[in-house]
Amino acid sequence: SADGAMYHAKASGRNNYQFFKESMNLTAARHFELETSLRGALAAHEFELYFQPIMDIGTRRLHAMEVLLRWRRGGKDGKGGELVMPDQFIPIIEENGMIVPIGEWVIRQACKQSMLWHSQGMMPVPLAVNLSARQFMHRGLVESIRAILDDTGIDPALIEFEITETALMQHGEQTLEILGHINAMGIRLSIDDFGTGYSSLAYLKRFPVKKIKIDRAFIKDLEQSAEDRAIVAAIIALSHSLQLSVVAEGVETEGQYALLQRHGCQFAQGYLFSQPVPHATAQLLLPRC
Ligand code: C2E
Ligand code: MG
Ligand code: MG
Ligand code: MG
């Protein structure tokens, strides 16, 4: 009956509303709880760097490593606790500004690790560190990078910064100026997650960028999707004509690898080679001097 239907709609509407409210509360509560424990995390040595190899497709040798942040919540110095992934905490620390000191720690720690490996007889490969939009808005970024280079004595050619297109486009002229300073220090810049933002290679010409990283969304179905193959081939061809080198992200299969090689892509990163690993494991991947 009509009454019955109305009752049903109301009832399910109420249930939906309750479900919605509860999941919202859960998210808000979880957010608050994480934010609270993040406050002391840096001082408590709960952050840790993981490293993921970036391979040279032609030689299948190690080319560089990306530095990926992990939060060992409740643990210390790489032991114990629960490992929290960036998706869970980067948005929170970007929102509350804690990304600035934590991001600075990441850069410093990466430089220290590189110097340590070198002192232990390992051949240093470039380390690629992620920078978010919020870090770019912070006035002290260039100065703190300069201080880290001075303090650690690292060769700036061994550091790269990865920035997303969206972060680049957000602040126009100011970003261009900051990138100019970073570039002048001898640190290379690459565009992360390419293809998910504005994707204007022509626009990128304005920035002192040397490398682009094709987002794994385009790599995932490379073997099945002729459309994705066409997009990836076009990105590679245009990048090369602009003298940009190209890294494919999220390479998981030999089939994807072979297709990328055929299209002239130089570098690849993904689970096919290795997941991100702690420093002790990463060290085993480095050639000795
Ligand atoms: P990203 O910079 O695009 O990093 C690549 C992400 O893809 C990493 O996730 C990596 O583990 C994952 N990945 C690599 N290969 C594969 C693959 O073959 N398959 C799949 N499914 N995934 C793969 P992760 O470590 O969870 O980091 C997520 C994002 O968090 C990063 O994306 C980056 O945007 C951000 N992030 C991580 N560390 C830092 C940091 O120190 N500072 C800043 N600002 N952002 C960071
Ligand atoms: Mg990255
Ligand atoms: Mg990426
Ligand atoms: Mg990403």
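Residues numbered from 1 in each chain as written. Chains lettered and ligands numbered in written order. Predicted model: local features only at pLDDT ≥ 70, side-chain atom pairs only at ≥ 80, totals over all residues. Heavy atoms only, no water.

1. Considerations on the pairing of strand β6 (residues 188-194)
Phase 1 of the analysis: β6 sits mainly inside the fold: five of its seven residues count as buried.
Phase 2 of the analysis: Bridge count for strand β5 (residues 159-164) against β6 is five bridges, and the pairing is parallel. Residue pairing for β6: F161 is matched across the bridge by L189.
Phase 3 of the analysis: Note that β6 and strand β7 (residues 211-214) share three bridges and pair parallel. Bridge pairing links I191 to I212 in β7. (Buried < 20%, exposed > 50% of the residue type's maximum accessible area, 1.4 Å probe, protein only. Helix = DSSP H or I, 4+ residues; strand = E, 2+ residues; numbered from the N terminus. Pairing = 2+ DSSP bridges.)

2. A closer look at the side chain of Q256
Phase 1 of the analysis: Checked against the element boundaries, Q256 lands in helix α10 (residues 254-262).
Phase 2 of the analysis: Residue Q256 is classed as buried on the basis of its relative accessible area of 3%.
Phase 3 of the analysis: One polar contact links the side chain of Q256 to the main-chain amide nitrogen of E252, over a distance of 2.7 Å.
Phase 4 of the analysis: Once you skip the residues sitting within four places of it in the chain, Q256 turns out to touch I219, K220, L222, E223, G250 and V251. (Polar contact = N/O pair within 3.5 Å; in protein donor to acceptor, adjacent residues only side chain to side chain. Contact = heavy atoms within 4.5 Å.)

3. Some details on helix α7 (residues 172-184)
Phase 1 of the analysis: The terminal C-alpha atoms of α7, which comprises 13 residues, lie 18 Å apart, in line with the 18 Å expected from a rise of 1.5 Å per residue.
Phase 2 of the analysis: Of all the residues in α7, the buried ones are T175, I178, L179 and I182. Considered in projection along α7, the buried side chains sweep an arc of 100° and stay on one side of the axis. For α7, exposure combined with an orientation more than 90 degrees from the buried face picks out E173, E177 and A184.
Phase 3 of the analysis: Residues of α7 that are buried in the fold lie against α4 (133-137), α5 (141-152), β5, α6 (165-170) and β6.
Phase 4 of the analysis: Just beyond α7, the residue with positive phi is G186, at close to 95°. (Expected span 1.5 Å × (residues − 1). Arc of directions from axis to C-beta.)

4. Section: the packing of α5 against α7
Phase 1 of the analysis: One can describe the packing of α5 onto α7 by two numbers: an axis separation of 10 Å at closest approach and a directional angle of 10°. With respect to each other, α5 and α7 are oriented roughly parallel. Contacts between α5 and α7 involve L141, V142 and I145 on the former and, on the latter, I178, H181 and I182.
Phase 2 of the analysis: Split into classes, the residues belonging to the contact of α5 with α7 amount to five nonpolar, one polar and no charged. (Axes fitted to C-alpha atoms, helices over the stretch in contact; angles between N-to-C directions. Parallel < 35°, antiparallel > 145°, perpendicular 65-115°, else oblique. Nonpolar A, V, L, I, M, F, W, Y, C, P; charged D, E, K, R; others polar.)

5. Section: the confidence of the model for the protein
Phase 1 of the analysis: When the pLDDT values of the protein are averaged, the result is 90; 91% of them are 70 or greater.
Phase 2 of the analysis: Scored below 50 in pLDDT, residues 1-14 makes zero contacts in the model with residues more than four places away or belonging to other chains.
Phase 3 of the analysis: Scored as a complex, the prediction yields pTM 0.91 and ipTM 0.98. (pLDDT = per-residue confidence, 0-100.)

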